[in-house]
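Notes for the structure review
Chain by chain, the residues:
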Amino acid sequence: MDAAITFPQSLVQARGHNFCAGPGVLPLPVIEAIRDELPALPGVGASVFEISHRSDAYTEIAASARARLQRLLGLGDEWLVLFLQGGASMQFHQVPLNFLAPGQSADYVVTGVWAEKALKEARLLGEARIAASGEASGYRALPSAESWEVDPEAAYLHMTSNNTIYGTEYRTDPSVPVPIVSDASSDFLSRPIDLDPYGLIYAGAQKNIGPAGVVVVLVRDEFLQTRRAGLPTLLDYGTHAARLFHTPPVFAVYVVEKVLGWLEEEGGLAGIAERNERKAGRLYDRLDASGFYHPFAEKASRSLMNVTFRLATEELEERFASEAEASGLLALAGHRSAGGLRASLYNALPEEAVSALVAFMDDFEARYG
Ligand SMILES: *Cc1c(COP(=O)(O)O)cnc(C)c1O
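For the structure given in this document, a descriptive report is provided here. (Residues numbered from 1 in each chain as written. Predicted model: local features only at pLDDT ≥ 70, side-chain atom pairs only at ≥ 80, totals over all residues. Heavy atoms only, no water.)

1. Describing the overall build of the chain
Looking only at helices and strands, one finds 12 helices and 14 strands in the chain. The C-alpha atoms of the chain give a radius of gyration of 21 Å, which matches the 21 Å a tight globule of 369 residues would have. For the chain, the C-alpha atoms occupy an extent of roughly 65 × 65 × 30 Å along the three principal directions. The buried share among the 369 residues of the chain stands at 53%. Excluding contacts between residues fewer than 6 apart, the proportion of contacts in the chain whose partners are at least 24 apart in sequence is 66%. When the accessible surface of the chain is split by element, carbon and sulfur atoms take 51% of a total near 16,000 Å². (Helix = DSSP H or I, 4+ residues; strand = E, 2+ residues; numbered from the N terminus. Rg over C-alpha atoms; globule rule 2.2 N^0.38 Å. Buried < 20%, exposed > 50% of the residue type's maximum accessible area, 1.4 Å probe, protein only. Contact = heavy atoms within 4.5 Å. Areas by Shrake-Rupley, 256 points an atom, 1.4 Å probe, with all protein chains shown as cover.)

2. A look at the side chain of Glu121
Along the chain, Glu121 turns up in helix 5 (residues 113-125). The buried charged residue Glu121 lacks any salt bridge, with Lys120 as its nearest oppositely charged partner at 4.4 Å. There is a polar contact of 3.2 Å between the side chain of Glu121 and the side chain of His93. When sequence neighbours within four positions are dropped, the list of residues in contact with Glu121 reads Phe92, His93 and Pro96. (Lys, Arg positive; Asp, Glu negative; His and termini not counted. Salt bridge = Lys/Arg side-chain N within 4 Å of Asp/Glu carboxyl O. Polar contact = N/O pair within 3.5 Å; in protein donor to acceptor, adjacent residues only side chain to side chain.)

3. Some details on the packing of helix 3 (residues 56-73) against helix 9 (residues 250-265)
Relative orientation of the contacting elements helix 3 and helix 9 amounts to 40°, with a least axis distance of 9 Å. In terms of orientation, helix 3 lies oblique with respect to helix 9. In this structure, the crossing between helix 3 and helix 9 has a hand that is left-handed. Across the interface between the two elements, Tyr58, Ile61, Ala62, Ser64, Ala65, Arg68, Leu69, Arg71 and Leu72 of helix 3 pack against Val250, Val253, Tyr254, Glu257, Leu260, Gly261, Leu263 and Glu264 of helix 9. In terms of residue class, the contact of helix 3 with helix 9 is built from 11 nonpolar, 2 polar and 4 charged. (Axes fitted to C-alpha atoms, helices over the stretch in contact; angles between N-to-C directions. Parallel < 35°, antiparallel > 145°, perpendicular 65-115°, else oblique. Left-handed = near helix turned anticlockwise from the far one by under 90°. Nonpolar A, V, L, I, M, F, W, Y, C, P; charged D, E, K, R; others polar.)

4. Comments concerning a negative patch on the surface
Together, Asp77, Glu78, Asp194, Asp196, Asp221 and Glu222 line one region of the surface with negative charge. Counting through the fold element by element, Asp221 comes out in helix 7 (residues 221-224). (Patch = residues over 30% accessible without salt bridge, like charges linked within 9 Å, V, L, I, M, F, W, Y side chains within 5 Å. Charge placed at Lys NZ, Arg CZ, Asp CG, Glu CD.)

5. Quick notes on the environment of Ala115
On the secondary structure map, Ala115 appears in helix 5. The exposure class of Ala115 is buried, given its relative accessible area of 1%. In the structure, Ala115 is positioned 49 residues away from Arg66 in sequence and 27 Å away in space, judged by C-alpha atoms. For Ala115, the residues in contact, after removing those within four places along its chain, are Val109, Val110 and Thr160.

Written out as structure tokens, the structure reads:
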């Protein structure tokens, strides 16, 4: 018997078009590269699962991931790149724990469930104000940055750049008088950004840039220095900025490094942004083309990453999702809290997937419209 571990070609061919909101689709060339070096990393003699996080091999992987992020985003020396655990949800707590001192308050822009959760954690620790809310619109519409009522004394303003559940997105970088902390989990690295307004950006990797298990945190040194003293060691951003304190999520960082390499090859953030606009544009055009599909988000607030829509009845929505699944169009049901349908078009989703979805929508409307 052949002892080599191989991934059957039939399984590669069995990959559907994956519209999952997260963990989401990853680039096939990345998955194939991982497969190829899974038994042993080149020149190392052991797999990525079996090496010390203090080995040269991991040190190089982490350094390369940082360097790629620096190149892709144009990060200067004032930015620190951290690979943390606990998911984006841990950041909801860690941000106020570090930056909301007694006597201070922080501002929150509430644009959906994730933002509500971030606000709740801040209020466990101190005073947090709502600077703007989209709740009255059922989170279909984003309050424009110009309408935010920002307290100029706030320790920071927290926002969610892309609302994964509702399909709304701030597609430009707001400017406010205090440092912005952004939960960019579901649109991180989907377009070039202007870093000036931000003090800290965090993103759970499993939406757009890797597998579950790592959160990428970018923190500006000047903002980092405003954190409180006496924090629990592991929850102090300063611990991770200073050194490799404990075992990082080695495999997740390894995959992220490969995805970042793929992004560079695809033309960087400008290249991927162009493709993302094309993909979402085609799908929104199809949604707007007839009264059969009802786009959920208000036009001005539409996300390029998560496209949400409804049909006339829940029964029809269920039929849509299950027939789509049977045709290899995966995970189109909306979030359990919002219902409806949702197509997530993350960076790694190929344009052919959108073509296939649009063709399915034409056919579904012809049969049920
Ligand atoms: C998925 C998601 C989260 C939660 O991420 P976890 O890593 O599961 O904690 C937070 N914010 C946004 C915008 C998300 O899409």
